[in-house]
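# Observations on the model geometry
Okay, here's what each chain looks like letter by letter:
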Amino acid sequence: MTPEKSKIEKRVNIIQLILANACNFGCTYCFEGIQGKEMSADAQVAKVDLSRLRSRDEIKVNINDSMYATRERFQHQYDPKNRHMRPRDAIRYLGNALDISRSSGVHSVMVQFFGGEPLLNWKAIVAVLERFGKGDRDGMHISYSTVTNGSLITEEVADMFARYCVAVCVSVDSPTNPSRPLKNGADSTPVVMQGLRLLQEKGNRIAINAALTSATWNEFDHAIVDLAVNVGAKEIGVVVDFDPGFYASFGTQQIVDRLWRVIEYGRKKGVLLTGYWHQIFQVLLGHDVIAERGFKNCSAKGAQLSIEPNGSVFSCKAGSTLLGSIDDGTALLDAEPYLSHASLRTENPAFCRGCEIEGFCAGLCLGPLEKKYSTIDAVETTACDFYRGITRRHIESLQAYEVATFDLEVTNVEQG
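Residues numbered from 1 in each chain as written. Predicted model: local features only at pLDDT ≥ 70, side-chain atom pairs only at ≥ 80, totals over all residues. Heavy atoms only, no water.

## Concerning the confidence of the model for the protein chain
Scored by pLDDT, the protein chain has a mean of 81; 78% of the residues are at 70 or more. Overall, residues 1-6 carries pLDDT values under 50, and its contacts beyond four positions in sequence, including any with other chains, amount to eight contacts. With pLDDT under 50 throughout, residues 403-416 is counted as low confidence; its partners more than four residues away or in other chains account for one contact. (pLDDT = per-residue confidence, 0-100. Contact = heavy atoms within 4.5 Å.)

## A few points about the side chain of Asn82
Secondary-structure assignment places Asn82 in the loop between helix H2 (71-78) and helix H3 (87-103). At 3.0 Å, the side chain of Asn82 forms a polar contact with the side chain of Glu308. Discounting residues that sit within four places of it in the chain, Asn82 has contacts with Asn21, His76, Gln77, Glu308, Pro309 and Asn310. (Helix = DSSP H or I, 4+ residues; strand = E, 2+ residues; numbered from the N terminus. Polar contact = N/O pair within 3.5 Å; in protein donor to acceptor, adjacent residues only side chain to side chain.)

## A short note on the side chain of Asp241
Relative to the elements of secondary structure, Asp241 occurs in the loop between strand E8 (235-240) and helix H8 (244-250). Filtering out sequence-adjacent residues up to four positions away, Asp241 remains in contact with Leu212, Thr213, Ser214, Phe246 and Tyr247.

## Some details on the nonpolar core
If you look at the biggest cluster of nonpolar residues, it comprises 99 residues, and the most contacted ones within it are Leu196, Ile208, Ile236, Leu259, Leu273, Trp277 and Phe386. Not counting the four nearest positions on each side in its chain, Leu259 is found in contact with Leu212, Phe220, Val238, Val240, Leu273, Trp277, Phe386 and Ile390. (Core = buried A, V, L, I, M, F, W, Y, C linked by side-chain atoms within 4.5 Å. Buried < 20%, exposed > 50% of the residue type's maximum accessible area, 1.4 Å probe, protein only.)

## Quick word on the packing of helix H6 (residues 189-201) against helix H7 (residues 223-231)
When two helices pack together, their arrangement is given by the angle between the helix axes and the distance between those axes. Following both chains from N to C, one finds H6 and H7 inclined at 40 degrees, their axes separated by 9 Å at the closest point. Comparing their axes, H7 and H6 come out oblique. Contacts from Met193, Leu196, Arg197 and Gln200 of H6 reach H7 at Leu227, Asn230 and Val231. Of the residues contributing to the contact of H6 with H7, the split by class is four nonpolar, two polar and one charged. (Axes fitted to C-alpha atoms, helices over the stretch in contact; angles between N-to-C directions. Parallel < 35°, antiparallel > 145°, perpendicular 65-115°, else oblique. Nonpolar A, V, L, I, M, F, W, Y, C, P; charged D, E, K, R; others polar.)

## Some thoughts on the environment of Gln253
Residue position: Gln253 is located in helix H9 (residues 252-269). Owing to a relative accessible area of 48%, Gln253 belongs among the partly exposed residues under this scheme. Between the C-alpha atom of Gln253 and that of Asp385, which follows or precedes it by 132 residues, the distance is 8.6 Å.

## With respect to H7
The complete set of buried residues in H7 reads Ile224, Val225, Leu227, Ala228 and Val231. All buried residues of H7 lie within an arc of 160 degrees about the axis, which places them on one face of the element. Just beyond H7, the residue with positive phi is Gly232, at close to 80 degrees. (Arc of directions from axis to C-beta.)

## Some details on the packing of aromatic side chains
Overall, the coordinates contain eight aromatic pairs when judged by the stated rule. Among the aromatic residues, ring-to-ring pairing joins Trp217, Phe246, Tyr247, Phe250, Phe386 and Tyr387 into one connected group. Sitting above the plane of the Phe314 ring, Arg73 keeps its charged end 3.8 Å from the centroid. When the ring centre of Phe132 is taken as origin, the NZ or CZ atom of Arg131, which lies over that ring, is 4.2 Å away. (Phe/Tyr/Trp six-rings, centres within 6.5 Å; stacked < 30°, edge-to-face > 60°. Lys NZ or Arg CZ within 6 Å of the ring centre and 35° of its normal.)

## Things to note about the sheet that holds strand E6 (residues 166-171)
In sheet architecture, strand pairing relies on hydrogen bonds along the backbone and comes in two forms, parallel and antiparallel. Read from one edge of the open sheet, ten strands run E9-E8-E7-E6-E5-E4-E1-E10-E11-E12, paired in mixed fashion. Whereas interior strands pair on both sides, the edge strands pair on one side only; in this sheet they are strand E9 (272-274) and strand E12 (322-325). On average, adjacent strands in this sheet sit at an angle of 25 degrees to one another, irrespective of strand direction. Looking at chain direction, strand E11 (residues 312-314) and E12 are connected through three bridges and run antiparallel. Looking at E12, one finds that Ser312 is bridged to Ser325. (Pairing = 2+ DSSP bridges.)

Printed below as a string of structure tokens:
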């Protein structure tokens, strides 16, 4: 049962605009589904009409391998009316979302351009940036970020991102990894590198987004750090596999060791590796503390609205529980679906009681928990072992100067 509403903090810090439910890549490990030719029985039951989808041959997803857990989510994901966010809708949705954030006492938000591949809908990005800017007109401070595959970066894109200080996170697993081909099967590396160079030339803030999964296991090594150095990226966000089976298959210690080797190499090269797993350590040190940003390591627990092209709102792109419509306004924050997520903002499930990182960790991504357990109030114990293990490694490697201290010097003052 959801705790009393008065005890739940209702605060929206992140607004995610899903600009396009389509992509020009065919990544073999995409959380929305493995590339395949056959539609699953689940998708058929959900009455997904693939024949009406634009570029249907480019959107081949096996729902059985998808993270989505509910029929309702399937229907939203593959609804022909939910493929592409119109620029005027993007402006309206963000305006409504800012109203919701202000109502919750928030005056500084992060707006994320997300997909699919968000740059397939460049017109909507331009419309939002030109209308809202840094937020002054709307009594807010707005910062922007995007996660992109990097293949559609042009001089115009790089210029505008630099002008509006859009942090650009480019997904690149490794220069040698074959898991991120273009939809036509061609190697994506040349076009992605061209995009990274353009961003670098225009002085953009660049981060690399890499995945450590069963599909990228063999190629996850020092090469990703060398690539980051080469393009001027100071940070690599590592998404460790959302699939709970990954932790059981590879073993917690092996995953920690493989990730740690790359973390140490990154430190030598001046590149920081971060991710959900690293945010536990950041919170532990007091950086970006929960009280300031509104969440531990999972913004989907009450701190984020993820808005689909048709205006439907979920907690995140991977979540399956419909929170409502962005046109519901502040009523979204009083509805049971949002309250159920927000109740986990600081309070973990009962299983976590007594864990050494309980106060800093929010557990595995909500998407796979919904998929496996049909609830978000669940714990994946194999992931827990990984989170504890990698956090312990960070603590053990701390240098004294990295820990903030407050020392009181005692000075003898001669009495006169």
